[in-house]
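Next come the chains, spelled out residue by residue.
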Amino acid sequence: MSQKPRPTSIQELKELQGVELGPTAWHTLTQEDINTFADVTHDHQWIHVDPKRAAEGPFGGTIGHGLFILSLGPAFTEELMAFDGFMHSLNYGYNKVRFPHPSPVGARVRMRSTLSSVEEVGEGAAQVVSTQVFEAEGIEKPLCVAESLGRFTEHPAG
């Protein structure tokens, strides 16, 4: 897909079902970002924030929090699809999240997303289920696979 889609109706969302969007651009996972996430979430486990100790640990260095990788999803999704065609779109949660591989500091990370289903949930509104796959350059397994839920509401007719 050469240009990111900009759906403006539930029908146009339905037409995107099964279409893989992406990948996004590569984004480098920095120790500074990991430390900031640790500060915000109060999760300062050494495997994330102590490079010296982590160098002797099971992964040979610090790794990003799984939830940090997951939290990149909304921004990455905006790289893949425009949402301004709707009155509003909301992150509604997740059905399933897995972290198959650790996220080493310095890794270049990107995401692909596939709209799995679009279900109407009221007049001019839909719940969209997207499968998000976060990958790192040179790592075969995904860092994170998430089934994300979004709610979209069309602009009123007229």
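In the block above lies the structure referred to throughout.
Owing to the predicted nature of the structure, the values given are computational and were not obtained by experimental measurement.

For the rest of this paragraph, the subject is unusual backbone geometry. Here the amide bond leading from G22 into P23 is cis, since omega sits at 15 degrees, within 30 degrees of zero. Note on placement: P23 falls in the loop between β1 (20-21) and β2 (27-28).

All right, on to the environment of L90 then. Structurally, the position occupied by L90 is in strand β4 (residues 88-98). Separated by 37 residues in sequence, L90 and Q127 have C-alpha atoms that sit 9.5 Å apart. What L90 contacts, discounting residues up to four positions off in sequence, is L149, G150 and R151.

So, on to helix α6 (residues 73-80). Of all the residues in α6, the buried ones are G73, F76, T77 and L80. For α6, the angular spread of buried residues about the axis comes to 105 degrees, placing them on one side. What points out from α6, more than 90 degrees from its buried face, is the exposed set A75 and E78.

Now for the packing of aromatic side chains. Describing an aromatic ring pair means giving the distance of the ring centres and the angle of the ring planes. In total, this model carries four aromatic pairs according to the counting rule given. Here the aromatic residues F83, F86 and F152 are joined through ring pairs into a cluster of three or more. Taking the ring centre of Y92 as reference, the NZ or CZ of R151 above it sits at 4.0 Å.

Here we come to helix α2 (residues 31-41). Listed as buried for α2 are Q31, I34, F37 and A38. The buried residues of α2 occupy an angular sector of 125 degrees when the element is viewed end-on, so they sit on one face. In α2, those exposed residues whose orientation departs by more than 90 degrees from the buried face are E32 and V40. Check the buried side of α2 and you find it contacts α3 (46-49), α4 (51-55), β3 (63-64) and α5 (66-71). H42, located one to two residues past α2, shows a positive phi value of around 65 degrees.

So, on to the side chain of S148. Along the polypeptide, S148 turns up in strand β8 (residues 144-153). Here S148 is in contact with G93, Y94, V128, V129, S130 and Q132, once residues within four sequence places are set aside.

Let us look at the nonpolar core. Of all hydrophobic cores here, the largest spans 29 residues; its most connected members are L13, I69, M81 and F152. Among the secondary structure elements, those contributing two or more residues to this core are α1 (10-15), α2, α5, α6, β6 (108-122), β7 (125-136) and β8. Apart from the residues within four sequence positions on either side, L13 is in contact with P7, M81, F86, L115, V118, V128 and F152.

The sheet contact formed by β1 and β6 spans two bridges and is antiparallel. Among the inter-strand pairings, L21 is bridged to a residue of β6, identified as S113. Pairing of β2 with β6, which is carried by two bridges, proceeds in the antiparallel orientation. By the bridge assignment for β6, T28 is matched with R108. In this sheet, β7 lies alongside β6 in antiparallel orientation, the contact comprising twelve bridges. If you follow S113 over to β7, its bridge partner there is Q132. Counting the residues in the hairpin turn of β6 and β7 gives two residues, including G124, whose phi is positive at 70 degrees.

Criteria and cut-off values
- Residues numbered from 1 in each chain as written.
- Predicted model: local features only at pLDDT ≥ 70, side-chain atom pairs only at ≥ 80, totals over all residues.
- Heavy atoms only, no water.
- Helix = DSSP H or I, 4+ residues; strand = E, 2+ residues; numbered from the N terminus.
- Contact = heavy atoms within 4.5 Å.
- Buried < 20%, exposed > 50% of the residue type's maximum accessible area, 1.4 Å probe, protein only.
- Arc of directions from axis to C-beta.
- Phe/Tyr/Trp six-rings, centres within 6.5 Å; stacked < 30°, edge-to-face > 60°.
- Lys NZ or Arg CZ within 6 Å of the ring centre and 35° of its normal.
- Core = buried A, V, L, I, M, F, W, Y, C linked by side-chain atoms within 4.5 Å.
- Pairing = 2+ DSSP bridges.

Note that all results are geometric; they support no functional claim without further evidence.
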